[in-house]
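Structural features, examined
Read off the chains here:
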Amino acid sequence: MKSAEAFAARHPRALTASVVGILSGFAVTAFGIAPLAPDAAELPRRTLVEALPTPDIAAQLDELSAHAIGLTRAEATRSSDTPDSLLRRAGAFDPAAAAFLRTDPLGRRVLQGRAGKMVHLTADAAGQVQKIVVRFPAEKVEQQGTHFTRLTIERDGAHFSARTETAPLQTQVALGSGTIRSSLFAATDDANIPDAIASQMADMFSGDIDFHRELRKGDRFSIVYETLTADGEPVTWDGGVGRLVAGEFTNNGRTYSAVWFKDQATGKSSFYGFDGQSKRRAFLASPMEFSRITSGFAMRFHPILNTWRQHNGVDYGAPTGTAVRSVGDGTVEMAGWQSGFGNVVKIRHGGDRETVYAHLSKIDVKKGQRIEQGQRVGAVGMTGWATGPHLHFEFHAGSRLMDPRTIARASEAVTLPNYAKAQFQQIVASVKTQLSVAETMDGVSAAE
C-alpha cells in the first residue's frame, strides 16, 4: 500500500492517464455490446389458427323458450282499490289471484284497513301472478315505530298460499335545514322534511320557543333525523320517518341545540340540551303537536254569549280529528260529557294541579286511567258550546286558573344523571358534526 502511494506521488500524470484509459475501455465495450440486441422487426412470426366449437343454436333457443320472464312492479294500495284494479295497475291479469285476494283470510288483508300498503307483485309474461309481497305497519301498536308486517302470497301451480311475519324496520340518517319565511311547516315543506319531523322539532324546542307567537322571519334550523325502510324500501306510512335525532334552531338571534338521548340504565329517553339539561319539563307547552291559538288567556268577546268575559284557558284551532295529548303525567279524573264543554277529559297531576281538554270529538281514555306525558287523550271537535272545531284547554292549580303556557315554561326540568354523561358527550360530539353538514343544506333534505 505504501509503495502504491509512493508511486502515485512520483507519477501523478501517469496514474491519471491509466484511469482514463480504463474508463474509456469500458465505454467502448458498452457501446460495442449494445447493438448486439436482436431487432424485433427481424424476429420470426407465426400465425396460429384454432377451431372453436360452435354452440348448438337450437339448444340455445330451447333454453331461452324454457326461461320464464317475470315482471316485478311496486304499487301502493288505494282506498278505492278492488283486487282486480290493484292487479291490473300492477300489470297482472289473473282472475285466480283476484279471487284469492277476495276470499282467503290472509289474502283479504291486502286491501283491508287503511290504504298506503306497499305492494310488490311479480307476474310472468302472460300476466299471471307468481308472487305478491305486501308490507304495512305492525299489528301491535307498541311495535309500529320499530317493526312492520310482511304478507307474502305465492303461487304453487293452480293454488296460492299466504303467510305473515313481523320484521324489524331499518333506519337511515337524513339531514335537513331551512329558513323561516312564513311558518315552520312552510319551511320544512320547502326543505322536503316530513311533517312528523317538523312536529317533533316543535316539541324539542317548545320549552325554549313559543312557536305560536315568537317565530320570526329569517329564523333558521338544522336537523338530523331518521328515515325508515322495510326490506330496503322507503316506508310510505306515517311519514316514513322515525325520531328526530338532533337539532339546532336560531330564533331571534339566539341559538338552541338539543339531542335525543336514551338512558340505558332506566330505559327512559328524552330531548336534552348539549349541556345535559333535559328539554322535557313537567308540562308540555301545548296539548297538540302543532296548531294555532285562536283565543288566549285573557279578556275576550264571547262568540255565543256576546259579552266581554275573562277567557280562563287557551283555544287551539285545528281540524276535527286532530290528536290531543296530555301535557303531563297524571290520572284521568273525568272522561265524558259536561254541558258547555261537550266531550271533556280532566287529568289530575301531582301538586294539586289539573288540566282540562274540552269540545272533543272523541275521547280515548277512561276515568281512573294512568296517563303519561304526550299520550293521546282524544281528538279535536266542536261538541258543546263551540262555533267551530277547536280545543279549549285549561290549567288549574288548586282553585286558581293559570295561563298554561306560563306554567309550562316555569315547570321543573330533569337533569342528566352523572353516570350517563360520558356516553351523552360522545353522542353530542357526533351530532355536532352532522349538524354542521346539515347547516350547509339550506332548503334541502337528504339521506347520508
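Residues numbered from 1 in each chain as written. Predicted model: local features only at pLDDT ≥ 70, side-chain atom pairs only at ≥ 80, totals over all residues. Heavy atoms only, no water.

Overview of the overall build of the protein chain
Counted only if it meets this: Secondary structure elements are taken from DSSP: a helix is a run of H or I of four residues or more, a strand is a run of E of two residues or more, and numbering for both begins at the N terminus. In this analysis, two residues are considered to be in contact whenever any of their non-hydrogen atoms come within 4.5 Å of each other. Reported accessibility uses the Shrake-Rupley method at a 1.4 Å probe radius. Residues are deemed covered only where the shown protein chains occlude them.
Secondary structure summary: the protein chain contains nine helices and 26 strands in total. Of the contacts made within the protein chain by residues no fewer than 6 positions apart, 61% connect residues no fewer than 24 positions apart. Carbon and sulfur atoms make up 54% of the accessible area of the protein chain, which totals about 25200 Å².

Overview of the side chain of Ser326
Let me state the cut-off plainly: Polar contact criterion, stated in full: a pair of N or O atoms within 3.5 Å, where within protein one must be able to donate a hydrogen and the other to accept it, and residues adjacent in sequence count only if both atoms are side-chain atoms.
Structurally, Ser326 is set in the loop between β17 (323–325) and β18 (330–338). A polar contact of 2.6 Å, which involves the side chain of Ser326, links it to the backbone oxygen of Gly328. Non-local contacts of Ser326, meaning those with residues more than four positions away in its chain, are made with Leu284, Ile347, His349, Tyr357, Ile371, Glu372, Gln373, Gly374, Gln375 and Val377.

With respect to unusual backbone geometry
The test is simple: Think of it in three bands: residues with accessible area under 20% of the maximum for their type are buried, residues over 50% are exposed, and the middle band is partly exposed, with areas taken using a 1.4 Å probe on protein chains only.
Although it is not a glycine, Asn192 adopts a positive phi angle of roughly 60 degrees. One can find Asn192 in the loop between α6 (184–190) and α7 (195–204). The backbone of Asn252 sits at a positive phi, close to 55 degrees, despite the residue not being glycine. By the element assignment, Asn252 lies in the loop between β9 (241–251) and β10 (254–262). Residue Asn252 is classed as exposed on the basis of its relative accessible area of 57%.

Some remarks on the pattern of salt bridges
A side chain with one charge can pair with a side chain of the opposite charge if their charged atoms come near. What counts here: Between Lys or Arg on one side and Asp or Glu on the other, a salt bridge is scored when a side-chain nitrogen of the former is within 4 Å of a carboxyl oxygen of the latter.
Using the criterion set out here, one finds 17 salt bridges in the structure. As a salt-bridge pair, Glu139 and Arg109 come within 2.6 Å of each other at their nearest N and O atoms. Taken together, the positions of Glu139 in the loop between β3 (129–137) and β4 (147–156) and Arg109 in the loop between α5 (95–103) and β2 (118–124) put the pair 30 residues apart, joining distant regions of the chain. On the basis of relative accessible area, Glu139 is assigned to the exposed category, the value being 57%. Since its relative accessible area comes to 17%, Arg109 is described here as buried. We note a salt bridge from Arg135 to Asp231, for which the minimum N-O separation is 2.7 Å. Of this pair, Arg135 sits in strand β3 while Asp231 sits in the loop between β7 (220–230) and β8 (233–234); the two residues are 96 residues apart in sequence, bridging distant segments of the chain. When its relative accessible area of 34% is taken as the criterion, Asp231 is described as partly exposed.

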